[in-house]
Each structure stands twice: as C-alpha cells, then as structure tokens.
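# Chain and residue survey
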Amino acid sequence: MDLKSIIKKIEGESAFIKTTEKTVMDGTQKAALNRKGNLLYNSGDIESARRIFLTTGYSDGLIRVGDYYMSKGRQLDALRMYWIAPDRRRADPIIMQLSALIQSLLQDT
C-alpha cells in the first residue's frame, strides 16, 4: 500500500503520522500558516487549527489547543499538545495524575 492510500484511509480520523523529515518552510510561510491557524481556532475549528500548529510547531497555538482539550476533559489529548509544545509546567500535573492512577492500579492487583 502506498503512502497516499494510507493517508486517504485514515483521513478524518484523529491520526498522527510520524515522519523523520522536518517540514521545510520559510518564516513568511510559517507566519501565514500560524495566522490561518489562529483564525481557525478563534472561529471554533480547533482540529484544523491543531493540524496547522503541529505542522508549524507553533508552541503558543499548541498550548491553547491543549487548554481547550483540558476544558473538555480530554487530559491525554491535552498532555500530547503540552508535550509537543513543550510546556512542562502544564504537562507535569497531568503526568503526576497518570502516574498516581497507575500506582493505584498496580497496588490493587
């Protein structure tokens, strides 16, 4: 199966394809994409904004998406955004909660 058919198959899902190639764009392109992502975010299209922010590596945008996920109770999605941003101040409390949960589960077994 070629890459295009794989991408077509998962289109619309909340998928993340990790590649080893960095997206190459100049500052003007990055700024334009970040502006578009901000417009999408402010209009309520969080997922499209998230995709742009992931592409450009715009940490402030990723943090705002993470904050949005936290407000919706989606801690793991928020952790992912904070980790990529990187924002340890926001990620660490979620990691502590998860580790406490895992410790509790292990003690119950």
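Source: prediction; values computed, not measured.

A separate point is the overall build of the protein chain. Scanning the protein chain for helices and strands turns up 6 helices and 0 strands. For the protein chain, the succession of helices and strands along the chain, N to C, is α-α-α-α-α-α. Residue burial in the protein chain is summarised as follows: out of 109 residues, 22% are buried. Long-range pairs, those at least 24 residues apart, make up 26% of the contacts in the protein chain between residues at least 6 apart in sequence. Within the structure as shown, the protein chain displays about 8100 Å² of accessible surface, and the carbon and sulfur contribution to it stands at 56%.

A few words on helix H4 (residues 59–71). Taking 1.5 Å of rise per residue, 13 residues should cover 18 Å, and H4 covers 18 Å from first to last C-alpha, within 8% of that figure. Every buried residue of H4 is listed here: Gly 61, Leu 62, Ile 63, Val 65, Gly 66 and Tyr 69. One or two residues past the end of H4 sits Gly 73, with phi positive at roughly 80°.

Reading the values: rules and limits
Residues numbered from 1 in each chain as written. Predicted model: local features only at pLDDT ≥ 70, side-chain atom pairs only at ≥ 80, totals over all residues. Heavy atoms only, no water. Helix = DSSP H or I, 4+ residues; strand = E, 2+ residues; numbered from the N terminus. Buried < 20%, exposed > 50% of the residue type's maximum accessible area, 1.4 Å probe, protein only. Contact = heavy atoms within 4.5 Å. Areas by Shrake-Rupley, 256 points an atom, 1.4 Å probe, with all protein chains shown as cover. Expected span 1.5 Å × (residues − 1).

Honestly, that's just the spatial picture; any functional story needs more than this.
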